[in-house]
Amino acid sequence: MATENSQALFNTLSQSLKDMGLGSLFQVDAQGNPSGWLWNQMQSGVDTTEELAAAIQQTDVYRQRFGVIVEQQRRAAAGEA
């Protein structure tokens, strides 16, 4: 069961994911309890949008949705133009 503070944070972060088109990374059951990737990240200590941004870039969902960004980052890291 989520505390009131963690529920509010989950709601804020899940809205950010939804806005990015990554709503599949969180779920809410019929009783309103959070679950899924986002909830797991929060349970591991992610509690800011900055930390979430770093963690989300490691997911397959992000890589599929934003493949062009991932490819540009790979090329930049390899020193390609």
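Because the structure is predicted, anything quoted here is derived from the model rather than measured.

What counts and what doesn't
- Residues numbered from 1 in each chain as written.
- Predicted model: local features only at pLDDT ≥ 70, side-chain atom pairs only at ≥ 80, totals over all residues.
- Heavy atoms only, no water.
- Phe/Tyr/Trp six-rings, centres within 6.5 Å; stacked < 30°, edge-to-face > 60°.
- Helix = DSSP H or I, 4+ residues; strand = E, 2+ residues; numbered from the N terminus.
- Buried < 20%, exposed > 50% of the residue type's maximum accessible area, 1.4 Å probe, protein only.
- Salt bridge = Lys/Arg side-chain N within 4 Å of Asp/Glu carboxyl O.

**Q** How should the packing of aromatic side chains be read in this particular structure?
**A** A ring pair, where both rings are aromatic, is described by two values, the distance of the centres and the angle of the planes. Applying the stated criterion across every chain yields a total of three aromatic pairs. Ring geometry for phenylalanine 10 against tryptophan 39: centres 6.0 Å apart, planes inclined by 75°, an arrangement best described as edge-to-face. Placement of phenylalanine 10 in helix α1 (residues 4-19) and of tryptophan 39 in helix α2 (residues 37-43) is noted, with a sequence separation of 29 residues between them. Just as phenylalanine 10 is buried, tryptophan 39 falls in that class too. Here the aromatic cluster, defined as three or more aromatic residues joined through ring pairs, consists of Phe10, Phe26 and Trp39.

**Q** How should I be thinking about the pattern of salt bridges in this particular structure?
**A** Opposite charge on two side chains permits them to pair, given that their charged atoms come into close proximity. Inspection of the entire model under this criterion finds four salt bridges. Residue arginine 74 pairs with glutamate 80 through a salt bridge whose shortest N-O separation is 3.7 Å. A relative accessible area of 41% places arginine 74 in the partly exposed class. Given a relative accessible area of 40%, glutamate 80 falls into the partly exposed group. One salt bridge connects glutamate 80 with arginine 75, and the closest N-O pair in it is separated by 4.0 Å. Members of the salt-bridge network, linked through shared partners, are Glu71, Arg74, Arg75 and Glu80.

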